[in-house]
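Observations on chain architecture
Given next are the chains, with one letter for each unit.
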Amino acid sequence: MRWPGILAYFAEYLPVTAATPLLTLEEGNTPLIRSTSLEKRLRIGALFFKFEGMNPTGSFKDRGMVVAIAKAKEEGKEVVMCASTGNTSASAAAYARRAGLSCIVLIPQGKIALGKLSQALMHGARVLAVRGNFDDALRIVRFITANYPVALVNSINPYRIEGQKTAAFEVVEWLEGVPDILALPVGNAGNITAYWRGFKEFFERGKTRALPKMFGFQAEGACPLVLGRPVENPQTVATAIRIGNPASWKGAIAARDESGGLIDAVSDEEILLAQRTLAEEEGLFVEPASAASLAGVMKKAREGMFRGKETVVCILTGHGLKDPDIAVRQNEGKIEEVEPREEAVVELLGLRGERP
Ligand code: AN7
């Protein structure tokens, strides 16, 4: 079957009317990949990774953005705007162009991964680097979109959350039920809010008879939901979740409490270890923020939480190619230079014996 994208496939669950353009870059329908080695080591019954990096712009943001941009188009808007740690801007820029709209993005200066910046620029968005952090950028975007004819496409736009909830539907459809635990990174907290809404909606419609526990993980230097108060100067290697005052604060707390789940913090070291573990052991290359979900699950495993029976789904929110700098920096000194001669390569590799 040809995948039609989420607006068409999940139309009955989305605010799609006869007037809504069925915009698509064939987002959604991302794979749920079973762990090979890690699940045994962590004593988890079944561990799956939902690889949202397979979306058209390389992150989960495409699910919400396609709905937000389609509705903006339907409503006759001409300019959309967002604040972003990178992935939202990449997605907004791509879908805005697809729909024939202009796009303005505000990013925290110097704190956005190169891949994401290259996307916003290539899609012709107007890119403003704010000399401040994401929270400053979002405050300014809220002001501009409230006072000028510019449509806001951050996740405080309800259409974004509506689109993002479709990932929960896909988890249920693939597993033919819900996992015991759904783990995901948390920054502005739109995604955890969206997944919880999606699971509850399928539950209410009788598509599943259970609900998962929601496990959200923030970076230690940017964990307002764990501390219970905003963080003035959020810091983390995972720039995507370098957010001190999440817009969907209440949604995240509700998801945690209603599901009997938790929101915890993981250190930058734990995040980078999880990122390398995914790459080396599972063949999955994700950006640092995305590895926070596995970092959190590894932390819970160390605390002795698992009994070998649980089904756990880790959401991998964005592709590793988004942040090549971090990947290369972690592997400094590993590239071996060699003269352009066959014998030199044979010698360097230490190859011996007869040729086959
Ligand atoms: C890879 O792009 O906030 O908790 O402006 O890019 O819904 O914010 C990105 C967030 C996790 C956190 N993983 O999701 C933005 C932005 C990746 C991300 C998150 C983001 P939310």
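Here the structure is a predicted model, which means the values were calculated and not measured.

Time to look at the domain arrangement of the chain. Looking at the assigned domains, one finds that the chain contains domain 1 (6-59 + 161-330) and domain 2 (61-159). Computed from C-alpha coordinates alone, the two centres of domain 1 and domain 2 are separated by 21 Å. In this assembly, 47 residues from domain 1 lie in contact with 35 residues from domain 2. A buried area of about 3,200 Å², summed over both sides, lies between domain 1 and domain 2, and 54% of it is on carbon and sulfur atoms. It is Leu23, Arg242 and Lys322 that lose the most area in domain 1 upon contact with domain 2, and together they represent 19% of the buried surface on that side. In this structure, the connection of domain 1 to domain 2 is made through three salt bridges. Here Arg63 makes a salt bridge to Glu52, at a shortest N to O gap of 2.6 Å. Put simply, domain 1 and domain 2 have 25 residue pairs in polar contact (both at pLDDT 80 or more) between them.

Time to look at the pattern of salt bridges. Evaluated as defined, the whole model comprises 22 salt bridges. Put simply, Glu26 and Arg2 hold a salt bridge, and the shortest N to O gap is 2.7 Å. In this pair, Glu26 sits in the loop between α1 (6-9) and β1 (32-34) while Arg2 sits in the segment before α1, placing the two residues 24 residues apart along the sequence. Taking relative accessible area as the criterion, Arg2 reaches 67% and is therefore assigned exposed. Arg302 is the partner of Glu270 in a salt bridge, and the nearest nitrogen-oxygen pair spans 2.6 Å. Of this pair, Glu270 sits in helix α12 (residues 268-282) while Arg302 sits in helix α13 (residues 288-302), placing them 32 residues apart in sequence. Connected via shared salt-bridge partners are Glu12, Glu162, Lys165, Arg197, Glu201 and Arg205.

With that out of the way, let us pick up the side chain of Thr236. Within the secondary structure, Thr236 sits in the loop between α10 (224-227) and α11 (249-259). Among the polar contacts made by the side chain of Thr236, one reaches the main-chain amide nitrogen of Ala238 at a distance of 2.9 Å. Engagement of the side chain of Thr236 in a polar contact is seen with the side chain of Asp268, the distance being 2.7 Å. When near neighbours in sequence (up to four residues on either side) are disregarded, Thr236 contacts Ala219, Ala222, Ile241, Arg242, Asp268 and Ile271.

As a further point, take a nonpolar patch on the surface. A cluster of nonpolar side chains, namely Val338, Val345, Val346, Leu348, Leu349 and Leu351, defines an oily patch on the protein surface of about 510 Å² accessible area. With respect to the helices and strands, the residue Leu351 is situated in the segment after α15 (342-349).

Cut-offs used in this document
Residues numbered from 1 in each chain as written. Predicted model: local features only at pLDDT ≥ 70, side-chain atom pairs only at ≥ 80, totals over all residues. Heavy atoms only, no water. Domains from an automatic or database assignment. Contact = heavy atoms within 4.5 Å. Buried area = accessible area lost by both parts, 1.4 Å probe. Salt bridge = Lys/Arg side-chain N within 4 Å of Asp/Glu carboxyl O. Polar contact = N/O pair within 3.5 Å; in protein donor to acceptor, adjacent residues only side chain to side chain. Helix = DSSP H or I, 4+ residues; strand = E, 2+ residues; numbered from the N terminus. Buried < 20%, exposed > 50% of the residue type's maximum accessible area, 1.4 Å probe, protein only. Patch = residues over 30% accessible without salt bridge, like charges linked within 9 Å, V, L, I, M, F, W, Y side chains within 5 Å. Areas by Shrake-Rupley, 256 points an atom, 1.4 Å probe, with all protein chains shown as cover.

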